[in-house]
Amino acid sequence: MIELPELVYGDTGTDVVISLKDKDGTAVDVTGASSIYLKMVPVGGGTTVSVTGAIYGTATNGQFSFEDVANSVAQPSVTRPRTIYECRVTWVKSAETYWSAQAFRIPVVRFP
């Protein structure tokens, strides 16, 4: 499973951009996609988080952008200063619901 670079809790200046590719490595055309969400489930238990997204750049490039991801989750505790979220992207296109084929992980840390 891919682990993205660590985010610092409360960071509102760093967006997460996800590129979707099919099994042949070709960008997934997301033209007309709506109801775009990054679904985040904390590994080890906790509250699932949904972050609203948008198409990033040209829709035929298969990219979504999610703002304020590190500000949308619960603050990691002092005793557990790093929380890892298992994530997938979901969207609706032509009345069909899609999920990213591959899950990935985003770690969020408490600092200082």
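Residues numbered from 1 in each chain as written. Predicted model: local features only at pLDDT ≥ 70, side-chain atom pairs only at ≥ 80, totals over all residues. Heavy atoms only, no water.

Engineer: Any chance you could explain the overall build of the protein chain here in plain terms?
Structural biologist: Looking only at helices and strands, one finds 1 helix and 9 strands in the protein chain. Its C-alpha atoms give the protein chain a radius of gyration of 14 Å, near enough to 13 Å, the size a compact globule of 112 residues would have. Considered along the principal axes of its C-alpha atoms, the protein chain spans approximately 45 × 25 × 25 Å. By element, 50% of the accessible surface of the protein chain is carried by carbon and sulfur atoms, the whole surface being about 6400 Å². For the protein chain, the distance from the average position of its 9 positive side-chain charges to the average position of its 11 negative side-chain charges is 7 Å. (Helix = DSSP H or I, 4+ residues; strand = E, 2+ residues; numbered from the N terminus. Rg over C-alpha atoms; globule rule 2.2 N^0.38 Å. Areas by Shrake-Rupley, 256 points an atom, 1.4 Å probe, with all protein chains shown as cover. Lys, Arg positive; Asp, Glu negative; His and termini not counted. Charge placed at Lys NZ, Arg CZ, Asp CG, Glu CD.)

Engineer: Would you mind going over the packing of aromatic side chains with me for this structure?
Structural biologist: When we look at a pair of aromatic rings, we describe it by the centre distance and by the angle of the planes. Evaluation of the coordinates by the stated rule reveals 2 aromatic pairs. Consider the rings of F64 and W91, whose centres lie 5.4 Å apart with planes at 55°: the pair is tilted. On the criterion of sequence distance, the pair formed by F64 in strand β6 (residues 63-66) and W91 in strand β7 (residues 82-93) is long-range, its members being 27 residues apart. With respect to class, F64 is no different from W91; both count as buried. Each ring, one from W91 and one from Y98, has its centre 5.6 Å from the other, and the planes form 10°; the classification is stacked. Ring pairing ties together the aromatic residues F64, W91 and Y98, which thus form one cluster. (Phe/Tyr/Trp six-rings, centres within 6.5 Å; stacked < 30°, edge-to-face > 60°. Buried < 20%, exposed > 50% of the residue type's maximum accessible area, 1.4 Å probe, protein only.)

Engineer: Teacher, can you tell me more about the environment of I84 here?
Structural biologist: Within the secondary structure, I84 is located in strand β7. Placed 53 residues apart in sequence, I84 and T31 show a C-alpha to C-alpha distance of 31 Å. The contacts of I84, once residues within four sequence positions are left out, are E3, V41, P42, V43, R105, I106 and P107. (Contact = heavy atoms within 4.5 Å.)

Engineer: Whenever I open this one, the side chain of T83 confuses me. Can you help?
Structural biologist: Looking at the secondary structure, you find T83 in strand β7. Beyond its immediate sequence surroundings of up to four residues, T83 is in contact with P42, P76, I106, P107 and V108.

Engineer: I'm lost on the pairing of strand β8 (residues 96-99) in this one. Help?
Structural biologist: Residues in a regular strand point their side chains to alternate faces of the sheet. Of the strand pairs in this sheet, β7 and β8 are connected by 4 bridges, and their pairing is antiparallel. Pairing of W91 across the sheet is with Y98, part of β8. In sequence, β7 turns back onto β8 through a hairpin of 2 residues, with S94 there showing a positive phi of about 55°. (Pairing = 2+ DSSP bridges.)

Engineer: Could you clarify how one ought to interpret the pattern of salt bridges in this entry?
Structural biologist: Pairing between side chains of opposite charge can happen when the charged atoms of each approach one another. Counted by the stated rule, this structure contains 3 salt bridges. Across the salt bridge formed by R82 and E6, the nearest N and O atoms sit 2.9 Å from each other. Linking R82 in strand β7 with E6 in the loop between β1 (2-3) and β2 (7-8), this pair joins segments that are 76 residues apart in sequence. Take R82: its relative accessible area is 35%, and that puts it in the partly exposed class. When its relative accessible area of 45% is taken as the criterion, E6 is described as partly exposed. A salt bridge links R105 to E86; the shortest N-O distance between them is 3.7 Å. One end of the pair, R105, is in strand β9 (residues 104-109); the other, E86, is in strand β7, with 19 residues separating them in the sequence. Overlapping salt bridges bring together E3, E6 and R82 as one network. (Salt bridge = Lys/Arg side-chain N within 4 Å of Asp/Glu carboxyl O.)

The analysis is restricted to geometry; functional conclusions fall outside its scope.
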